[in-house]
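# Breakdown of the fold
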Amino acid sequence: DVEGQVKAADNVHSLIVTIKRTMGADGNAMALNEINRIAFELSHSQSINDKRGAVLLIGHLADLMGDDDGGAGGGGGVLIRYMSYLRAVIPCPDQSVNAMAVEAIAALLLHAPESIRDAHIQDELERCYDLIRGGSPNEASLVVALNQIEAICRLTIPLKPATIEEALAHCEVLARSP
């Protein structure tokens, strides 16, 4: 049940915050390794319920991105891993899972360490634009790409104002294509 999954994701978030405060880097790394394993398994499952669980788990951890240096990549490793898990989920036959995944991707970008945020926002938008320009035969993928552009722009406009103009130009290309 979705309500139970949301509660579980909230509990994992609280647990990670507590581990960060009390156990230091070793405890944090151990907990994140286990969460990464779970998120990977859920996101790559054929079960829609598992996919929803992966999205909820990752979405609830987004605000911790800026706290985690992720090793030498300055947070990039964790961000890239979670983004790839979310991309494995979409497009999903369940539109609510697609919507949650799109919001989770935007939230990850919003909370990414400042040093890498703009590059990752641009990379993710480019993925969406390429899908639109390529005229994907999968209509669900186009809808997800447009929703993702909207979510990224909505959440990151204060950080990167030029994003909206670029997004609108790409959406216009889609609207005018046959």
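Below is a summary of the structure that appears in this document. (Residues numbered from 1 in each chain as written. Predicted model: local features only at pLDDT ≥ 70, side-chain atom pairs only at ≥ 80, totals over all residues. Heavy atoms only, no water.)

Moving on: helix α5 (residues 114-133). Here α5 spans 29 Å end to end across 20 residues, near enough to the 28 Å set by a 1.5 Å rise per residue. Among the residues of α5, those classed as buried are Ile116, Arg117, His120, Ile121, Glu124, Leu125, Cys128, Tyr129 and Ile132. (Helix = DSSP H or I, 4+ residues; strand = E, 2+ residues; numbered from the N terminus. Expected span 1.5 Å × (residues − 1). Buried < 20%, exposed > 50% of the residue type's maximum accessible area, 1.4 Å probe, protein only.)

All told, the structure shown has five salt bridges when counted by the stated rule. Counted as one network, the salt bridges with shared partners bring together Glu34, Arg37 and Glu41. (Salt bridge = Lys/Arg side-chain N within 4 Å of Asp/Glu carboxyl O.)

The next subject is the packing of helix α2 (residues 48-61) against helix α4 (residues 95-111). Interaxial distance between α2 and α4 falls to 9 Å at its minimum, and their mutual angle equals 25 degrees. By the angle between their directions, the pair α2 and α4 is classed as roughly parallel. The hand of the α2/α4 crossing is left-handed. Here α2 contributes Ile48, Lys51, Arg52, Val55, Leu56, Ile58 and Gly59 to the contact with α4, which in turn contributes Ser96, Val97, Met100, Ala101, Ala104 and Leu108. Of the residues that constitute the contact of α2 with α4, the class distribution is nine nonpolar, two polar and two charged. (Axes fitted to C-alpha atoms, helices over the stretch in contact; angles between N-to-C directions. Parallel < 35°, antiparallel > 145°, perpendicular 65-115°, else oblique. Left-handed = near helix turned anticlockwise from the far one by under 90°. Contact = heavy atoms within 4.5 Å. Nonpolar A, V, L, I, M, F, W, Y, C, P; charged D, E, K, R; others polar.)

Taken as a whole, this structure holds two aromatic pairs when the rule is applied. Following the ring pairs from residue to residue traces out a cluster consisting of Phe40, Tyr82 and Tyr85. (Phe/Tyr/Trp six-rings, centres within 6.5 Å; stacked < 30°, edge-to-face > 60°.)

A cis amide bond links Ile90 with the next residue in sequence, Pro91, at an omega value of -5 degrees. On the secondary structure map, Pro91 appears in the loop between α3 (76-89) and α4.

Moving on to the side chain of Asp94. In this fold, Asp94 is placed in the loop between α3 and α4. Within the local environment of Asp94, its side chain forms a polar contact with the side chain of Arg52, the two groups lying 2.7 Å apart. When sequence neighbours within four positions are dropped, the list of residues in contact with Asp94 reads Ile48 and Arg52. (Polar contact = N/O pair within 3.5 Å; in protein donor to acceptor, adjacent residues only side chain to side chain.)

We now examine the nonpolar core. Judged by nonpolar contacts, the single largest core of 44 residues is most densely connected at Val55, Ile58, Leu61, Tyr82, Leu86, Leu108 and Ile149. Those elements that provide at least two residues to this core are α1 (2-43), α2, α3, α4, α5 and α6 (139-156). For this core, the element with the highest residue contribution is α4, accounting for nine residues. (Core = buried A, V, L, I, M, F, W, Y, C linked by side-chain atoms within 4.5 Å.)

In contact at an axis separation of 9 Å, α4 and α6 are set at 35 degrees when each is read in the N-to-C sense. Between α4 and α6 lies a crossing of right-handed hand. Along the contact surface, α4 presents Asn98, Val102, Glu103, Ile105, Ala106, Ala107, Leu109 and Leu110, while α6 presents Val144, Asn147, Gln148, Ala151, Ile152, Arg154 and Leu155. In the contact of α4 with α6, the residues fall into 10 nonpolar, three polar and two charged.

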